[in-house]
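Observations on the three-dimensional arrangement
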Amino acid sequence: MVELKFSWKKETPLQHPSKIDAQPIHSKAERKARHYKFLQKLDHIIKAEKQNGSLVNISINDEALKEIQHENNPFNEEQERVQRVDPIKTKMILDLITQGYSMTETQRLARASAITIKHVMSDSAVKLRPIFKYQLKGIKENKVDFYTKNLRQIVNYTGIDFKKLKNEDFLAERGYRLLHINKRWNQLPNGSIYSATDADSIYLKKGINSFENKELIIDRNRESK
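**What to know about the pattern of salt bridges**
Inspection of every chain in the model, using the stated rule, returns 4 salt bridges. For D145, the salt bridge goes to K137, with nearest N and O atoms at 4.0 Å. Looking at D145, the relative accessible area reads 16%, which means it is buried.

**Side note on helix 5 (residues 103–110)**
If you check which residues of helix 5 are buried, you get M103, T106, L109 and A110. For helix 5, the angular spread of the buried residues around the axis is 135°, confining them to a single face. Those residues of helix 5 hidden inside the fold are in contact with helix 4 (87–99) and helix 6 (114–124). Phi for R111, located one or two positions after helix 5, is positive at around 55°.

**Let's talk about the nonpolar core**
Grouped together as the largest cluster of nonpolar side chains are 15 residues, with contacts concentrated most on I93, L96, I97, A110 and I117. Broken down by secondary-structure element, the contributors of at least two residues to this core are helix 4, helix 5 and helix 6. At 5 residues, helix 4 tops the list of elements feeding residues into this core. Not counting chain neighbours up to four residues away, the residues in contact with I117 comprise I93, I97, M103, T106, Q107 and A112. The next biggest cluster of nonpolar side chains, apart from the first, holds 14 residues, and it includes F146, I154, L171 and L204.

**Let's talk about the packing of aromatic side chains**
Here the structure, examined in full by the defined rule, presents 6 aromatic pairs. A ring pair is formed by F132 and Y194, whose centres lie 6.1 Å apart and whose planes are at 85°; its orientation type is edge-to-face. Placement of F132 in strand 1 (residues 132–138) and of Y194 in strand 4 (residues 193–194) is noted, with a sequence separation of 62 residues between them. Classification of Y194 as buried rests on a relative accessible area of 0%. Three or more aromatic residues joined by ring pairs form one cluster here, namely F132, W185, Y194, Y203 and F211.

**Focus on the packing of helix 4 against helix 5**
Packed helix pairs are characterised by how far apart their axes lie and by the angle those axes make with each other. Here helix 4 crosses helix 5 at 145°, and the two axes come no closer than 10 Å. In this structure, helix 4 crosses over helix 5, and the sense of that crossing is right-handed. Two secondary-structure elements touch here, helix 4 through K89, M92, I93, L96 and I97 and helix 5 through T106, L109 and A110. Here the residues of the contact of helix 4 with helix 5 are counted per class, giving 6 nonpolar, 1 polar and 1 charged.

**A word on the confidence of the model for the chain**
Summing up the model confidence of the chain, the mean pLDDT is 78 and the portion of residues at 70 or higher is 70%. Within the model, the stretch residues 18–23 combines pLDDT values under 50 with 6 contacts to residues more than four positions away or in other chains. Under a pLDDT of 50 for its full length, residues 221–225 has, in the predicted model, 3 contacts with residues more than four places off or in other chains.

**Things to note about the side chain of Q135**
Along the chain, Q135 falls in strand 1. For Q135, the side chain forms a polar contact with the side chain of Y147, separated by 3.2 Å. Setting aside its immediate chain neighbours within four residues, Q135 contacts D145, F146, Y147, R177, L178, L179, I181 and K183.

Cut-off values and rules
- Residues numbered from 1 in each chain as written.
- Predicted model: local features only at pLDDT ≥ 70, side-chain atom pairs only at ≥ 80, totals over all residues.
- Heavy atoms only, no water.
- Salt bridge = Lys/Arg side-chain N within 4 Å of Asp/Glu carboxyl O.
- Buried < 20%, exposed > 50% of the residue type's maximum accessible area, 1.4 Å probe, protein only.
- Helix = DSSP H or I, 4+ residues; strand = E, 2+ residues; numbered from the N terminus.
- Arc of directions from axis to C-beta.
- Contact = heavy atoms within 4.5 Å.
- Core = buried A, V, L, I, M, F, W, Y, C linked by side-chain atoms within 4.5 Å.
- Phe/Tyr/Trp six-rings, centres within 6.5 Å; stacked < 30°, edge-to-face > 60°.
- Axes fitted to C-alpha atoms, helices over the stretch in contact; angles between N-to-C directions.
- Left-handed = near helix turned anticlockwise from the far one by under 90°.
- Nonpolar A, V, L, I, M, F, W, Y, C, P; charged D, E, K, R; others polar.
- pLDDT = per-residue confidence, 0-100.
- Polar contact = N/O pair within 3.5 Å; in protein donor to acceptor, adjacent residues only side chain to side chain.

Quick look at the structure:
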């Protein structure tokens, strides 16, 4: 049996994180064109059913049926929509990802689907940044702030075991203070070091766009070989 699905998405307006715009994203002419396209697809189905009695009576190899299936496939519609992403929305998506917003946050703020965001990221060779959960703050002149996703990375970096990380006096003697944080990439100061993956490599932040062009400081995996 041939299954056809019609899906109308309620589109919300493109907006910057700091702005709210209640104006519709499509003009009256664009909405009229979308409605006309819908009527065309419906007309193709009606004609095919009149000729064959029902879509289920048509051979799966029939070109007319293939065309009907293609134009009513929500995935194909999404793919075509992704290929014509508005330049303004593309820039907003890249700005949000570059700052360190998550996929879910970017979907909400840019009013874009996950497929659209991944397409833009792939074309621009941009990756998601992690949320940094810990800061090993240097409190002595020769100590640099270190940001990580988890405590294991701090253990590997300092050689201090998990239990001693909870000892504030012990850390202070070594020039550190451990802070539990929740910071995005854009909130990390330039000149700090960080570990962004589950690997033990440590990098230097040299600007908002330095995540893709990492400057390697320490590669524990290479050192252990």
